[in-house]
Amino acid sequence: MTDPANDVAANLAEIKTRIDRALAEGGRPAGTARLIAVSKVQPVAKLEAALAAGHRLFGENRVQEAKAKFPAARERYPDIELHLIGPLQTNKVKEAVALFDVIQTLDRPKLAAALAEEGRKRGRLPRLFVEVNVGDEPQKAGIAPADLSAFLAECRDVQGLTIDGLMCIPPADEEPAPHFALLCDLATRHGLAEVSMGMSGDFEKAVRMGASFVRVGTAIFGERIKPAAHA
Ligand SMILES: *Cc1c(COP(=O)(O)O)cnc(C)c1O
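What this report covers is the structure whose coordinates are included nearby.

What counts, and where the lines are drawn
Residues numbered from 1 in each chain as written. Predicted model: local features only at pLDDT ≥ 70, side-chain atom pairs only at ≥ 80, totals over all residues. Heavy atoms only, no water. Helix = DSSP H or I, 4+ residues; strand = E, 2+ residues; numbered from the N terminus. Rg over C-alpha atoms; globule rule 2.2 N^0.38 Å. Contact = heavy atoms within 4.5 Å. Areas by Shrake-Rupley, 256 points an atom, 1.4 Å probe, with all protein chains shown as cover. Lys, Arg positive; Asp, Glu negative; His and termini not counted. Charge placed at Lys NZ, Arg CZ, Asp CG, Glu CD. Salt bridge = Lys/Arg side-chain N within 4 Å of Asp/Glu carboxyl O. Buried < 20%, exposed > 50% of the residue type's maximum accessible area, 1.4 Å probe, protein only. Disulfide = S-S within 2.5 Å. Near = heavy atom within 4 Å. Polar contact = N/O pair within 3.5 Å; in protein donor to acceptor, adjacent residues only side chain to side chain. Nonpolar A, V, L, I, M, F, W, Y, C, P; charged D, E, K, R; others polar. Arc of directions from axis to C-beta. Pairing = 2+ DSSP bridges. Right-handed = clockwise from strand over helix to strand, strands pointing away.

Section: the overall build of the protein
Move 1: In terms of regular secondary structure, the protein is built from nine helices and eight strands.
Move 2: Here the C-alpha radius of gyration of the protein, 17 Å, is about what a compact globule of 231 residues would show, namely 17 Å.
Move 3: Sequence-distant contacts in the protein: of pairs separated by 6 or more residues, those separated by 24 or more amount to 59%.
Move 4: Total accessible area on the protein is roughly 10,600 Å²; 52% of this is exposed by carbon and sulfur atoms.
Move 5: Of the charged side chains in the protein, 30 are positive and 31 negative, and the gap between their average positions amounts to 4 Å.

So this is what it looks like as structure tokens:
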């Protein structure tokens with residue numbers, strides 16, 4: 001039997017090496033793509049193993065689950081950086097703003113309005129990325145590429161929000177490269193510095209193409225014990 005804690009540490013080290021290599025291959029400076037360890041639905045022991053290995057950047061896709069795990073972890077590791085990478089309901093905005101450093105899934109005007117309102121109350125907001133539905137999939141969350149300019153203008157000019165980046169989840173059954181290229185192009189055209197794309201199966205490609213954040217779960221922690229809920 002291998003020790004799961006050793007596996008997590010070894011996987012993190014290997015993936016960071018592969019990210020560095022992909023950055024070099026893409027002609028990009030070292031350190032310009034960061035690894036988000038997606039800890040959703042994983043046993044707390046594996047989160048602890050990642051923390052013990054020195055990793056501090058995590059992604060969760062549900063507010064309630066993150067709330068159950070991270071406030072306690074933060075007491076011991078105050079430098080944890082936590083990203084919300086799953087859908088956000090407006091009735092969870094208050095909790096999400098209190099808990100997350102970055103919300104990557106701003107995907108509709110009503111949510112922009114709710115975040116702006118909460119920001120006015122608290123005097124601060126997490127960093128915000130807009131989720132783009134790069135494959136124009138009818139069932140998927142995210143702003144259609146054709147609607148992005150208008151949505152960003154609404155966020156900025158109507159709601160007074162600062163948007164720092166874009167994120168995408170390409171269609172599961174398609175080659176991701178054209179979708180990654182589209183997301184980078186949209187970010188460049190709109191002057192947005194952060195690009196969140198690439199998961200366990202394709203993070204190196206995403207890094208070569210310009211990702212500033214990759215979101216990796218199973219390649220670090222192993223298969224999830226139950227499927228993560230999708231809203
Ligand atoms: C679960 C999830 C990931 C991680 O997926 P893996 O294939 O396990 O690396 C990345 N991004 C989002 C939005 C997710 O929900």
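Looking at the pattern of salt bridges
Move 1: By the definition in use, this model includes 17 salt bridges.
Move 2: Notably, a salt bridge pairs Arg18 with Glu14, separated by 3.1 Å at the nearest N-O pair. One end of the pair is Arg18 and the other is Glu14, both in helix H1 (residues 4–25) and four residues apart, which spans about a single turn.
Move 3: The exposure class assigned to Arg18 is partly exposed, which follows from its relative accessible area of 23%.
Move 4: Under the relative-accessibility criterion, Glu14 is labelled partly exposed at 43%.
Move 5: Among the salt bridges present, the one from Arg127 reaches Glu194, with a minimum N-O distance of 3.2 Å. Note that Arg127 is positioned in strand S5 (residues 127–131) and Glu194 in strand S7 (residues 194–196), a separation of 67 residues in sequence.
Move 6: Residue Arg127 is classed as partly exposed on the basis of its relative accessible area of 33%.
Move 7: In the salt-bridge network here, residues are joined through shared partners; they are Glu14, Arg18 and Glu204.

Side note on the state of the cysteines
Covalently bonding the sulfur atom of one cysteine to the sulfur atom of another cysteine gives a disulfide.
Move 1: Under the definition given, this model contains zero disulfides.
Move 2: Among the cysteines around Cys155, which has no disulfide bond, Cys168 carries the closest sulfur, lying 17 Å off.
Move 3: With a relative accessible area of 0%, Cys155 lands in the buried category.
Move 4: Unpaired in this structure, Cys184 has its nearest cysteine sulfur neighbour in Cys168, at a distance of 8.4 Å.

Examining the site of the ligand
Move 1: Around the ligand, the surrounding shell consists of Val38, Lys40, Asn61, Ile85, Ile169, Met199, Ser200, Arg215, Val216, Gly217, Thr218 and Arg224.
Move 2: Backbone polar atom of Gly217 to an oxygen atom of the ligand: 2.8 Å apart, as the coordinates give it.
Move 3: Contacts to the ligand include Thr218, whose backbone N or O atom sits 2.9 Å from an oxygen atom.
Move 4: Here the shell around the ligand is built from residues that sort into five nonpolar, four polar and three charged.

Focus on helix H6 (residues 148–158)
Move 1: Of all the residues in H6, the buried ones are Leu148, Phe151, Leu152 and Cys155. In a view along the axis of H6, the buried residues occupy a sector of 100°, so they form one face of it. In this structure, H6 carries Ala150, Asp157 and Val158 as exposed residues pointing more than 90 degrees from its buried face.
Move 2: Of the surrounding secondary structure, the elements contacted by the buried residues of H6 are strand S4 (102–106), helix H5 (109–122), S5, strand S6 (163–167) and helix H7 (177–189).
Move 3: Phi turns positive one or two residues past the end of H6, at Gly160, with a value near 70°.

Thoughts on the side chain of Arg215
Move 1: For Arg215, the position within the fold is in strand S8 (residues 213–216).
Move 2: Buried and without a salt bridge, Arg215 has Glu131 as its closest oppositely charged side chain, separated by 7.3 Å.
Move 3: From its side chain, Arg215 meets the backbone oxygen of Cys168 in a polar contact 2.9 Å long.

Notes on the pairing of strand S3 (residues 81–84)
Move 1: Along S3, one buried face is formed by Glu81 and His83 and the opposite face, lined by Leu82 and Leu84, is buried too.
Move 2: Relative to S3, strand S2 (residues 57–60) is paired through four bridges, and the arrangement is parallel. Counted as the bridge partner of Glu60 is Leu84 from S3.
Move 3: Handedness of the crossover joining S2 and S3 through helix H3 (residues 63–76) is recorded here as right-handed.
Move 4: Where S3 and S4 come together, two bridges link them in parallel fashion. What sits directly across from Leu84, in S4, is Ile103.

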